[in-house]
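# Summary of structural features
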Amino acid sequence: MTGADEILKFWLDDVGPQGWYAQDDALDQRIREGFGAMWEAASNGRFGLWLTYPSGALAYVILMDQFPRNMFRDSAKAFSTDRVALAAAKAAIDRGWDMRIDEPARQFFYLPLMHSENLCDQDRCVRLMHERMPSAGESNLLHAKAHREVIRRFGRFPYRNAALARSPTQPEMSYVESGGYSSTMRAMEAG
């Protein structure tokens, strides 16, 4: 099994939707042990060939966007390859490769946009979730809208400040203390 196929089998089949967004120390450790060296190699410019076909691009985006969030939870390193993942995702979307991947896996092309602290990327994520993820239900779209709302309000994700050694503003501190992202989700759900 090639590295790209190994990533897709692990993330899409073994972990699956029930584990994608759960905070699980055991899963984080499995990803570190199984894919840490691969992530390091990709961070140093390896695996560019994966970016020449749809499933390879998907594996690359998962490796560079999703896996560091698990491997390096609550640290700056969790976000260290976001720009690379975002560029790969945008190139794949521009080629229409996202539409060659079935739902729910398709969402992983859009999550680097959701993770971006750029409002244009957030707007594009909401649009893509709405237009290209019809079977995923309202949950993905609601999360996309909530992320966009945080960026509209603060221009960045305040809950990343500590990990990134950024000085928080008073409004950001108040937001985090009053529930942060969870409070945004509750407000969006209430309508």
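Residues numbered from 1 in each chain as written. Predicted model: local features only at pLDDT ≥ 70, side-chain atom pairs only at ≥ 80, totals over all residues. Heavy atoms only, no water.

In the annotation of an unreviewed UniProt entry, the protein chain is listed under the name DUF924 domain-containing protein and assigned to Litorivita pollutaquae.

Another aspect to go through is the packing of aromatic side chains. Two aromatic rings are characterised by how far apart their centres lie and by the angle between their planes. Enumeration over the complete set of coordinates arrives at 11 aromatic pairs. Between Phe10 and Phe67 the ring centres are 6.1 Å apart and the planes differ by 80°, which places this aromatic pair in the edge-to-face class. Placement of Phe10 in helix H1 (residues 3–20) and of Phe67 in helix H3 (residues 54–71) is noted, with a sequence separation of 57 residues between them. The buried category is assigned to Phe10, whose relative accessible area is 8%. Each ring, one from Tyr159 and one from Tyr181, has its centre 6.1 Å from the other, and the planes form 75°; the classification is edge-to-face. Here Tyr159, found in the loop between helix H7 (138–154) and helix H8 (170–177), pairs with Tyr181, found in helix H9 (residues 181–190); they are 22 residues apart in sequence, far enough to count as distant. Under the relative-accessibility criterion, Tyr159 is labelled partly exposed at 35%. Taken together, the ring pairs in this structure connect Phe10, Trp11, Trp20, Phe35, Phe67 and Phe108 into an aromatic cluster. Looking at Arg95, its charged tip hangs above the ring of Trp97, at a distance of 5.0 Å from the centre. (Phe/Tyr/Trp six-rings, centres within 6.5 Å; stacked < 30°, edge-to-face > 60°. Helix = DSSP H or I, 4+ residues; strand = E, 2+ residues; numbered from the N terminus. Buried < 20%, exposed > 50% of the residue type's maximum accessible area, 1.4 Å probe, protein only. Lys NZ or Arg CZ within 6 Å of the ring centre and 35° of its normal.)

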